[in-house]
Amino acid sequence: MCIKPVLLNLREYTKLTVPLLRGLSRLLSLLSTWFSKTLGEKLLEHLQKWADPEKITSQNIWKPGEEPLVAAEIINLFQLLPDESSHFVEPMIKTTLKLEAVLFRYSVYFSESPFRVPLSKYLNKHGRAVAMFFINDHRFKNPIYSELLHDIVKREESKDLRKQLSSIECSNMLLNVCFERPLAIIRSEKGSSSSRSQPGNSPRTAVDTLSMHGINIDLSSKKTAMQQEMKTKQDKLLAIKRDETRTEESLRKRMNDTSGTDPAQKQRLINNAQEKLSKIRASIVNLQKDINSAQAEFKSKFGSLADAPDAEDENQSPRSMTLDSLELQYQGFSLIETLMSNDDTYITQHHDVVRAFRWLWRSKGRHFRLLHEDAISPRYNGESQYLAKFLVNYSKTAPHDVDVLFDLLRIFLQPTSADFSFVREYLRQTVCSGISLEQKRRVMLRFFPVIASEGIEELKVLSIQLLVLPMLKEDFQNMSETVPNSTPVFMKDYIKGETNTGTASDATMEDADEKNGTSDEFLHLSHAKDKVERAVESNERVLNTDLTSQFVAEVLVNGSKDRTYGSRLSIELLKLCSLLLDFMGKDLGQHQKTVIKFAWNLLKSEDAKAKQWAYITISKFIVMFDSPPKITLQVYLSLLRSHQQETHDVVKTALDILIPALSSKLSSDDYSNAMKETIKILFEEGNSVPQLSHIFGTIVRHRKTFSRYKNKFMPHLVSSINKLGLPMNSSVENRELSLTLIELALDWNNEMSDFDGNPTQLILDEEVSNTSSESSFLFKGLMSPCASPLKKLKLQDGGNTLMFPVNCFEQESPRYILDQSEINTIVNYLVRLVLLVGVAEKSQEKLEKKATILFQQVIRHWATFEIRIEYFEKVITMCVNEGKRSVEHATSSDVEKQKKSDTKIAANSPQKKPDDPALVSNILLSSCLEIFTHIIHETPHNRFLENNFENVGRIFKVCFQRSSNDTDCELKNTLKEFLILLYSTNGTTKLHGLCRVLLEDLLLSTVNHDRSEENDYDTLLYVLQIVEKILPINPQILNSFTSTLIIVSMKVSKNLSSSSSKSRNASKSNITAASPLEALFETACIKSKPSYSMKTSKYQPPISQSKSKASEVKADVDCLIYCVRFLGASDVPFYFSENRRKLLTILSDILESSTDVRTLLIVSALVGTWISAEGKQTPLTKKEMIYFMTKLALLESRGLSELDSQPLQYLVSAIVMKYQQSVVSASVFVSGQEDCENSLTTLEEIINRISASSSMSTNSFLRRNFCKAFVSRNLKKENIHTQAPSDVLHALLRSDLEGIGAHMWSFVFVDALLDTCDYSGTMAKSAISQPFSVVPLEIVSSNCSVKFDAKYLDFVNLIRTEGEHSPFGLAHFLTAIQTLASCNQGLCQDLFSTLLQTVWSRLPNNTERLELMRDFEILLNRRYHAQFLNLPKSSHVRAKATNAVKSFLQAISSLSPLPMIHIDLLITLARNYNCWHEVRR
């Protein structure tokens, strides 16, 4: 009764909901046996309703999008039904497919079908029924059912289903359904192969064969054309036969004619008819042959002469692969791949599947379908990949089956569009480290019959490349790693190299040519051989003695006959033999004759590569075993003559192997003959550039071997470098070789000979003769190769029949010295090569640099040489043409200038075009300059530049022009180095003058531009930097440039003056604080903050633009600084001339208008040096001194920032101090005349102004000294400490404080009044009888109610104690107070008020107070007081007063009795300086 409500709701599908169905699923999981199959039928009936989405959604029973979820929950109930519910498999699958077909019609989009998961759970319980349903011919080829099966099998919910499909029963079912057709074709081909060989059975046509394997090629058009052609020939044959019949009848009539015709004429007609009949019959025979051949061709392609059946009819053949067969096969591959990926033991349990797939892999059908991928659907092109992956997995599970490794090689027999690199990588890893030693030997045993069989040769090649060679290389490499340096250099790359199919496999040995083989490397080889031999004897290596003998017996020979192979297979076998010779020499020792015979026979091969690989093997054989010297010499000379480009790398490898062993394998006479033959080849083949490159490349790699006979090679070496490097079509490799040969000539010219007299015999003649007799039987019967050069040579009695003198190899001097002509050849070749590659721009830049460096080494070694100017003729001609063009353009520009605007003139200005062949390149100019630089540096005595002054000058002119127009830094740097080096030498006086004129012209041409361009200042700066480098070497050059420097300075200063006004306007925003130290503190605080406004400002200029402007300004200023420095160091200031007047004008303009700190510093330092000079050392007059001192004094009012103006202030202060010491103290101007007195007064005013400015300096030393000097000068006293404070105050109030500028002069008052205190802490004794205490607490807190903490009180007590025990303690304290007051306006104001109040209160009477009050009015009535300070809103400084007047009035207002200031003055001050509050007080 409890489940009755649930069952009642199942009657109507409209009452079904997701919670109800989930509750029912829990109920079924508990009571599944209580329900019958009627429940499933009812649920299936309800499920059918969801196939009509419109009806379901129109009822509005479920939420939108919930309808498919209800159906999914219904499907989920089927997995909980009893086990007897397997009969619902078919209706459930079909119903699910129907629901998925209409799923898109619901209102909600599903990325994945919600029915697949519950369906998978149900099908997982009934695996057998699922297999029976899907695996059949009708459903499995249907993509709807097959894709559903694959998706369900891949899910995690289908573990039991996958287990059922992996059973033996299902596997057999899968093979019978999916692979029945291809396996049947394979069996029929094996059975019919013998029957077709019998007579009477016609072979199947190509079209039939391809069609049988599912490859349908449309040949209808070709078939129709062939049929039409045969029909035309048959019609022609019938016409000829009819003509034959008519001719026979005519002949018969003439022979039977008995009329009275002339017998001679009758016989003539009969003969003509017979001749015509014979020609017709011959035509019939030929035409019949053509028809027969065409019919045979048609029959071979299309079967019969009748119309061939259509492709559809042929596809209906029961033994042919149709599209359905291909689809079934594709589905079978996909399903087995899925089962394999989820079950690692699948392959080991299904031997029938393995056997079937190996048949398919070897079948013709797979091969044909792989070749004709374009003729079948792309869906079925992955057949070979499926099978390859399967066989790879099978090989991993069955490593003992080595046959599958050879089967996998078949995939590389033809190129494919698919990637099978995973097969190649698997084969390499397997044979190297994936199988055991015994299995590797099985590979070798399987390899021998493969090579001996009559199979496909390409398969044999692949077996060596991908299996045997990698396996043996890995084996030998593991062995060689246990012995350091046991492998020769030429074998290291060979062992580690990878082999590829085709010609790529040859790279294993071709890369070895980069190594230089030496005889020492072969000493290490013996250690490796010993190691291998011990491993072979202990049976630890792959190849043992038996396998090596089997290899020779079955692969190299066939019984008593020699085996012949194709060229590619022969090359691979030679590589294998070479590897065995390197590491298995002892085992091959007993098969020496077989090995050398196999390699020697390949020397007659027409394939050049096979022939050269045979030479490699023979070279290794010669190195390993004893060989007749004649054979060694023959092989060496053959390799030396083999210079073909296609075999160049292989020949180099062979020579690198053989040459280091010549000294040990040949006697001294044979070794000498080998060198003679080498020189003879150079003599005979000297015109062949490839031959020269080949021989000299060999000599370079083995220079030690050939160094004994360097005196014979050197002439050929020198004469050959021109042939190698100078032709226009010469390769980069040949040119690099020529440079290497010159380096070799340098080495050989320096080194001592390794032998004196005859070379030392490394092998005794007796041993060599015995070796020759013992080893000659190995080469007995071997014919010399057809291409061997020994057929042309006559080596008799040591080679005396050669075309060389008999004494050509007699004893020479131990050092070979080149004669002058050879030295000139080398030097001129390097010059020509540098100029030649310089034309090629940057393509051969490295070669040009190497040649230039080598040129420097050569002329350093051989200082005596002659360079021919003719080699520079092309460069000179190009420079002359460019000079003419520039002149013509300058003339045309002058004419156009009167007609067109400046913009059009700039548009028509000439620019260098790289494509113009008439323009010399910058690289070529740099190369010429480098050559000239090396000549001057290495051989200063050489007269080449002096003798060819005019031609060299043309090159220099273009270099200077380019340096002003182009931005090529390399050309400019090269020219700079040349000029510096030129002026450092004493010779070449003409070039000195020429370069000076060119430098001056370059400066003037840049300055005389109507409009300054961007690179004008860069060019000026470039020239000025050159002059700076030359000055220490040649100071006299400066006087030659003075006029030009004056002109340059005038133009640059004029351009800078236009920008100075902008700088002044910008200077209004500079910070103006009460004191310079306070301003510096404020600037530092501002710069320490991040500038957020710069990030968000839309008006901020681009970075590149700002950088370019900054660099341009920097170059502008640098040019002016250089000019000022040069002119100041010249003689111009000391001689009255127009240049001197212009120079002083320039300096005056800079001091008056410039806003650049660096320029002002340089000019101020120069002027200060002149001012402070004594006597005749100064170039300035008295009037000029006063003038420039005035300019220096006015620098404070320039509007510079405090940060920028401080170095200037330090410098001006130092100038004034030096001037006071040298001029004023010496009383130079005191002579009693009025003019001198007026001058002295003016100078004192200037010095007083500068002293006032310096008394506010940030430098404490300058501030204290100038403050004391300023007060002392106004007091007319030297020591301020002995003066009364009132006198100091009177002097300060009456002095000129205009030099302080916008700062507050209260700081000067505080410093001066504090200086009147003595070291005891009181003011100096004068009219004041009571001491004045300056303890900080009493000073600062006198007018303040601030409460100080205990730490500050401890500090005050410490100061008091220090003052009581030490007379200098309070002096240090006063200095510290002065420093703090100079950078803090609040402290300074409090000190000023306190000090002024103390002085005022200590005055003895009111008379002195009235006198002091008048001084107050005089100071306040001056007009130079600044009205306000300029501080930012976020300033860290809290000013108590905004100007000096307000500060002074605040201090006066605190005096008692209060001084009486005139009311009109107070009102004026209140209006002008905004100090109403102070005035009212």
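Just so it is clear, the structure is predicted and the values come from calculations on it, not from any experiment. For every chain, the first residue of the written sequence is number 1, and numbering continues from 1 onward in sequence order. In keeping with the predicted nature of the model, local features appear solely for residues at pLDDT of at least 70, side-chain atom pairs appear and are counted solely at 80 or more, and the whole-chain, interface and lining totals rest on all residues. To obtain the side-chain values, all non-hydrogen atoms of the structure were included, while hydrogens and water were left out.

Considering the overall build of the chain
- Each helix corresponds to a stretch of at least 4 residues labelled H or I by DSSP, and each strand to a stretch of at least 2 residues labelled E; elements are numbered beginning at the N terminus. For the chain, the count of helices and strands is 72 helices and two strands.
- Burial classification: accessible surface area is computed with a 1.4 Å probe over protein chains only, and a residue below 20% of its type maximum counts as buried, one above 50% as exposed, and the rest as partly exposed. Per-residue burial over the chain gives 50% buried out of 1481 residues.
- Working rule for contacts: check all heavy atoms of both residues, and any pair within 4.5 Å makes them a contact. In the chain, 78% of the contacts between residues at least 6 apart in sequence involve partners at least 24 apart.
- Each accessible area is a Shrake-Rupley result for a 1.4 Å probe, and residues are judged covered by the shown protein chains and nothing else. Of the accessible surface of the chain, which amounts to about 72100 Å², a share of 51% is contributed by carbon and sulfur atoms.

Some words on the pattern of salt bridges
- Here, a salt bridge means any Lys or Arg side-chain nitrogen found within 4 Å of an Asp or Glu carboxyl oxygen. All chains considered together, the criterion is met by 41 salt bridges.
- In this structure, D243 and R246 form a salt bridge, with 3.9 Å as the shortest nitrogen-oxygen distance. A residue pair is termed a helical-turn pair when its members lie 3 or 4 positions apart in one helix, as D243 and R246 do in helix α14 (residues 220–256) at three residues.
- R246 sits in the exposed class, given a relative accessible area of 51%.
- What you see here is one network of salt bridges that share partners, running through E100, E112, R116, D151 and R155.

Quick word on a nonpolar patch on the surface
- Together, I1463, I1467 and W1476 make up an exposed nonpolar region whose accessible area comes to about 280 Å².
- Its place among the elements puts W1476 in helix α72 (residues 1476–1480).
- On the basis of relative accessibility, which here comes to 40%, the residue W1476 falls in the partly exposed class. Patch building starts from residues that exceed 30% relative accessible area and form no salt bridge, then joins like charges within 9 Å and nonpolar side chains (Val, Leu, Ile, Met, Phe, Trp, Tyr) within 5 Å.

Some thoughts on the side chain of K1191
- Note on placement: K1191 falls in helix α59 (residues 1182–1193).
- Residue classification places K1191 among the buried residues on the basis of a relative accessible area of 12%.
- Polar contacts, as used here, are pairs of N or O atoms within 3.5 Å; protein pairs need one atom able to donate a hydrogen and one able to accept it. Residues neighboring in sequence count only if both atoms are side-chain atoms. Here E1152 takes part through its side chain, which lies 3.3 Å from a polar atom of the side chain of K1191.
- Those residues within four positions of K1191 in sequence are excluded, and the remaining contacts are S1148, L1151 and E1152.

Comments concerning the environment of K1182
- Its location among the elements puts K1182 in helix α59.
- With a relative accessible area of 48%, K1182 lands in the partly exposed category.
- Considered as a pair, K1182 and I1171 are eleven residues apart in the sequence and their alpha carbons are 9.4 Å apart.

As for the confidence of the model for the chain
- By definition, pLDDT measures how confident the predictor is in each residue, and it falls between 0 and 100. Residue-level pLDDT values for the chain average 75, and 72% of them are 70 or greater.
- With pLDDT under 50 throughout, residues 305–318 is counted as low confidence; its partners more than four residues away or in other chains account for 20 contacts.

Some remarks on unusual backbone geometry
- A cis amide bond links S1456 to the next residue, P1457, at an omega of 0°.
- The phi angle at N60 is positive, at roughly 55°, despite the residue not being glycine.
- Relative to the assigned elements, N60 resides in the loop between α4 (53–58) and α5 (67–77).

Some thoughts on the environment of K94
- Among the secondary structure elements, K94 is positioned in helix α6 (residues 89–101).
- In this structure K94 comes out as partly exposed when scored by relative accessible area, which is 31%.
- For the pair K94 and Y145, spaced 51 residues apart in sequence, the C-alpha separation works out to 9.2 Å.
- For K94, the residues in contact, after removing those within four places along its chain, are F133, R139 and Y145.
- A polar contact of 2.8 Å, which involves the side chain of K94, links it to the side chain of E90.

Focus: the packing of helix α24 (residues 437–452) against helix α29 (residues 545–556)
- Where α24 contacts α29, the axes come no closer than 9 Å and their chain directions differ by 10°. Here α24 is positioned roughly parallel relative to α29, judged by the angle of their axes. Residue-level contacts link R441, L445, F447, F448, P449, I451 and A452 of α24 to L547, Q550, F551, E554 and V555 of α29.
- As a working rule, the residues Ala, Val, Leu, Ile, Met, Phe, Trp, Tyr, Cys and Pro are called nonpolar, Asp, Glu, Lys and Arg charged, and the rest polar, with Gly in that last group. In terms of residue class, the contact of α24 with α29 is built from nine nonpolar, one polar and two charged. Throughout, an axis means a line fitted to C-alpha atoms (over the contacting stretch in the case of helices), and angles, computed between N-to-C directions, take values from 0 to 180 degrees. Each angle receives one of four descriptions, namely roughly parallel if under 35 degrees, roughly antiparallel if over 145, roughly perpendicular if within 65 to 115, and oblique otherwise.

A word on the nonpolar core
- If you look at the biggest cluster of nonpolar residues, it comprises 311 residues, and the most contacted ones within it are Y636, F872 and F932.
- Among the elements that make up this core, the one with the highest residue count is helix α25 (residues 457–480) (eleven residues).
- With near-sequence residues (within four places) excluded, F872 lies in contact with V831, L835, I867, C928, I931, F932, F944 and I955.
- As used here, the term nonpolar core means buried Ala, Val, Leu, Ile, Met, Phe, Trp, Tyr and Cys residues forming a set that is joined through side-chain atoms within 4.5 Å. Counting residues in hydrophobic clusters, the runner-up holds 52 residues, among them A1252, L1289, L1396 and Y1473.

Thoughts on the environment of S567
- Within the fold, S567 resides in helix α30 (residues 567–583).
- Since its relative accessible area comes to 29%, S567 is described here as partly exposed.
- The spatial distance from the C-alpha of S567 to the C-alpha of K609 is 8.2 Å, given a sequence separation of 42 residues.
- Contact partners of S567, with chain neighbours within four places excluded, come to E457, D607 and A610.

Focus on the packing of aromatic side chains
- Pairing of aromatic rings covers Phe, Tyr and Trp, the last through its six-membered ring, and needs centres within 6.5 Å; plane angles under 30 degrees mean stacked, over 60 mean edge-to-face, and all others mean tilted. Counting across every chain of the model gives 30 aromatic pairs.
- For the pair F448 and F551, a centre-to-centre distance of 6.4 Å together with 45° between the ring planes defines the contact as tilted. With F448 in helix α24 and F551 in helix α29, this pair connects stretches of sequence that are 103 residues apart.
- In our convention, an over-ring charge means Lys NZ or Arg CZ found within 6 Å of a ring centre and within 35 degrees of that ring's normal. The ring of W361 carries R366 above its face, with NZ or CZ at 4.3 Å from the centroid.
- Taking the ring centre of W1400 as reference, the NZ or CZ of R1409 above it sits at 6.0 Å.

Focus on helix α69 (residues 1406–1420)
- A rise of 1.5 Å per residue sets the reference length of α69, with its 15 residues, at 21 Å; its end C-alpha atoms lie 21 Å apart and thus fit the reference within 8%.
- Each element contacted by the buried residues of α69 is listed here: α63 (1285–1294), α64 (1306–1315), α68 (1385–1402), α70 (1444–1453) and α71 (1463–1473).
- The N-capping residue of α69, defined by a side-chain oxygen 3.3 Å from the backbone nitrogen of T1407, is N1405. Take the residue count of a helix, subtract one, and multiply by 1.5 Å to get its expected span.

Concerning the packing of helix α19 (residues 351–362) against helix α21 (residues 383–397)
- It is at 10 Å that the axes of α19 and α21 come closest, and there the two elements cross at 130°. Considering their axes alone, α19 and α21 lie oblique with respect to each other. Once α19 is placed against α21, the crossing between them reads as left-handed. Facing α19, whose interface residues are V353, V354, F357, R358, L360 and W361, α21 presents S384, L387, A388, F390, L391 and Y394.
- Split by residue class, the contact of α19 with α21 holds ten nonpolar, one polar and one charged. Handedness of each helix crossing follows the sense of rotation of the near helix against the far helix: counterclockwise by less than a right angle gives left-handed, clockwise gives right-handed.

A look at the side chain of T1159
- Its place among the elements puts T1159 in helix α58 (residues 1157–1172).
- A relative accessible area of 2% places T1159 in the buried class.
- With residues near it in sequence (within four places) discarded, T1159 still touches V1117, L1120, I1121, I1150 and S1154.

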